[in-house]
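Close look at the chain arrangement
These are the residues of each chain, in order.
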Amino acid sequence: MSHYTKKDIIRMVQEEDVEFIRLQFTDILGDLKNVAVTTSQLEKVLDNRYMFDGAAIEGFAGAAESDLYLYPDLDTFVIFPWRPQQGKVARFMCDIYYADRTPFEADPRQILKRVIREAGEMGYTFDVGPECEFFLFQLGDNGEPTTNSSEKAGYFDVSPLDQGENARREMVMTLEDMGFEIETSQHEAAPAQHEIDFRYADALTTADRIMTFRMVVRTIARRHGLHATFMPKPREGINGSGMHINMSLSRDGKNLFAAGDGGGISETAKKFMAGVLNYAYGMSVLTNPLVNSYKRLVPGYEAPIYTGWTTRQRSPFIRVPSARGENTRIELRSPDACGNPYLILAVCLAAGLAGIREGMELPDEVTKDVAAMDEEEKKRCGVERLPRDLKESIEAMEKSTLIRTILGDVVFNAYLQKKRKEWESYCLQVSRWEIERYLDRV
């Protein structure tokens, strides 16, 4: 990551003919927000004097004051490659502060930074690499999103079967222009489904990049006459889209999850994993935040429906990939890309640190299909059913002291209130399935 000064920013803005600057941040649900200013306001922005009304933002209204300030993170400055070459548009990711210069407690980015500081006090850097999946669908006659696609491509297919190849290539090139190191991109298992993976980084950088990634993918898709969606299960009967999260701890550049003998994983990794498994149930409403998220977490589509860990299969909650040495990591397989990455990474890190501090014991590895395990085997492997729907997930988070502590009362209560309303709204709907099943029978 670059380390820019105010002088660096002013120089780049002038040299690159930047005219507009977007000050970006997220609400508690993970929706990207921004306000655009012209470069005439650049010094005000760089002096942390740009104020906005926080009461208008989802989940922020519970704070004591509505007047909040955006502090740009100078190292996140980037010029949008798809904007005009004259009068260019750039952006900063921002932290949110009160007028008295204290951090705003409902700012998701600040929440993650707080847990990162805690890890730093224990001597750890939290490194994260996501695997983001998405669908590319056709637009309707009026430009509205649809779930239509004539594509029939599958895993690793190429054009002409892969009809999104050109759009995906431009996404990769645009992301690289914005400083990403793209490791792989490919067509995924379901028709019209794609994946782009970028190199791991520290947790804050990765969370910022996930937000940028979602914006770039949607923007470039539109330029190709397509709609990109991170919705976990937009069509029934096919694989859903997830965001597997690869995690490790390091110190002075050394991967602490690697075992000293070069094989297996370290005791630190085992305790970290035990912590994540211990709090898995309660964090589900953050890692899988939509009613639709639970349509993906069903049998038959490689998505996890039980807790547990393995080195052999791809269906359990946590997988330990075969790579060792500096590439040793654990892969959390339940999250989807619709959540707030700052909050997801904050609770994952907090859970892992709790496992280390409390010396939690890692249960036995899951070595066979969970459906074939008896109750004693499930208990020995710490296997539990993940929440089946958003309601169950909400109830699990309500009971989690750790998550309340990490998020703080304002975000914890506001987030749950929003999700309860979403579930209640869903329950009022009459689905196509109900009409087809019951209308002519009762």
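Coordinates for the structure precede this section.
Criteria and thresholds
Residues numbered from 1 in each chain as written. Predicted model: local features only at pLDDT ≥ 70, side-chain atom pairs only at ≥ 80, totals over all residues. Heavy atoms only, no water. Helix = DSSP H or I, 4+ residues; strand = E, 2+ residues; numbered from the N terminus. Rg over C-alpha atoms; globule rule 2.2 N^0.38 Å. Buried < 20%, exposed > 50% of the residue type's maximum accessible area, 1.4 Å probe, protein only. Contact = heavy atoms within 4.5 Å. Areas by Shrake-Rupley, 256 points an atom, 1.4 Å probe, with all protein chains shown as cover. Lys, Arg positive; Asp, Glu negative; His and termini not counted. Charge placed at Lys NZ, Arg CZ, Asp CG, Glu CD. Salt bridge = Lys/Arg side-chain N within 4 Å of Asp/Glu carboxyl O. Core = buried A, V, L, I, M, F, W, Y, C linked by side-chain atoms within 4.5 Å. Expected span 1.5 Å × (residues − 1). Bend = angle between axes of the 7 residues up to and from the residue. Phe/Tyr/Trp six-rings, centres within 6.5 Å; stacked < 30°, edge-to-face > 60°. Axes fitted to C-alpha atoms, helices over the stretch in contact; angles between N-to-C directions. Nonpolar A, V, L, I, M, F, W, Y, C, P; charged D, E, K, R; others polar. Disulfide = S-S within 2.5 Å. Polar contact = N/O pair within 3.5 Å; in protein donor to acceptor, adjacent residues only side chain to side chain. Patch = residues over 30% accessible without salt bridge, like charges linked within 9 Å, V, L, I, M, F, W, Y side chains within 5 Å.

Looking only at helices and strands, one finds 13 helices and 16 strands in the chain. For the chain, whose C-alpha radius of gyration is 22 Å, the value lies close to the compact-globule estimate of 22 Å for 442 residues. Dimensions of the chain, computed from the C-alpha atoms along their principal axes, are close to 70 × 55 × 45 Å. Across the 442 residues in the chain, those meeting the buried criterion constitute 53%. Put simply, of all contacts in the chain between residues at least 6 apart along the chain, 69% involve residues at least 24 apart. On the chain, roughly 20,100 Å² of surface is accessible, and the fraction owed to carbon and sulfur atoms is 46%. In the chain, 55 side chains carry a positive charge and 68 a negative one; their mean positions are 1 Å apart.

Our next topic: the pattern of salt bridges. Here the structure, examined in full by the defined rule, presents 27 salt bridges. A salt bridge links D208 to R109; its shortest N-O distance comes to 2.7 Å. Of the two residues, D208 sits in helix α5 (residues 203–223) while R109 sits in helix α3 (residues 108–121), which places them 99 residues apart along the sequence. Owing to a relative accessible area of 4%, D208 belongs among the buried residues under this scheme. Between E395 and K391 there is a salt bridge whose closest N-O contact spans 2.7 Å. Of this pair, E395 and K391 both sit in helix α11 (residues 390–398), four residues apart, which is roughly one turn of that helix. Ionic contacts of the salt-bridge type, sharing partners, join the residues D73, D95, R109, K113 and D208 into one network.

Here we come to the nonpolar core. Ranked by size, the top nonpolar core spans 124 residues in total, and within it F92, F213, F272 and L407 carry the most contacts. Considering every element that reaches this core, the biggest residue donor is helix α9 (residues 341–357), with 13 residues. Among residues more than four places away in sequence, those in contact with F92 are I9, I21, R22, L23, Q24, V45, L46, P72, D73, L74, T76 and F77.

In this model, helix α12 (residues 401–427) (27 residues) spans only 28 Å end to end at C-alpha, well below the 39 Å of a helix rising 1.5 Å per residue. The largest bend along α12 measures about 115° and falls at G408. Buried within α12 are the following residues: L402, I403, I406, L407, V411, F412, A414, Y415, L416, K419 and W423. Where α12 is buried, its residues meet α3, α7 (284–287), α9 and α11.

Another aspect to go through is the packing of aromatic side chains. For the structure shown, the criterion picks out 16 aromatic pairs. Measuring from centroid to centroid gives 4.0 Å for Y71 and Y97, while their planes differ by 15°, and the two rings are stacked. With Y71 in strand β4 (residues 67–72) and Y97 in strand β6 (residues 88–98), this residue pair connects regions lying 26 residues apart in the sequence. Assigned by exposure class, Y71 and Y97 land together as buried. Judged by centre distance (5.4 Å) and plane angle (10°), the ring pair of F135 and F137 falls under stacked.

What follows is about the packing of α9 against α12. Put simply, α9 and α12 touch, their axes get as near as 8 Å, and they point 145° apart. Between α9, through L343, A346, V347, A350 and A351, and α12, the contact on the second element is made entirely by L402, I403, I406, L407 and V411. Its residues assigned to classes, the contact of α9 with α12 comprises ten nonpolar, no polar and no charged.

Let us look at the side chain of S248. Along the chain, S248 falls in strand β12 (residues 243–251). Overall, S248 belongs to the buried group, its relative accessible area being 10%. In contact with S248, other than residues within four places in its own chain, are T125, F126, D127, N255, F257, T328 and R329.

Scanning the model with the defined rule gives zero disulfides in all. Its sulfur unpaired, C132 is 11 Å from the next cysteine sulfur, which belongs to C338.

In this model, α9 (17 residues) spans 24 Å end to end at C-alpha, consistent with the 24 Å of a helix rising 1.5 Å per residue. Within α9, 16 of the 17 residues are buried, leaving the element largely enclosed by the surrounding structure. Of the residues that open α9, the one with a side-chain oxygen 3.0 Å from the backbone nitrogen of Y342 is N340.

In this section: a nonpolar patch on the surface. Taken together, the side chains of V430, I435 and L439 present a nonpolar region at the surface, about 310 Å² in accessible area. Structurally, the position occupied by I435 is in helix α13 (residues 432–438).

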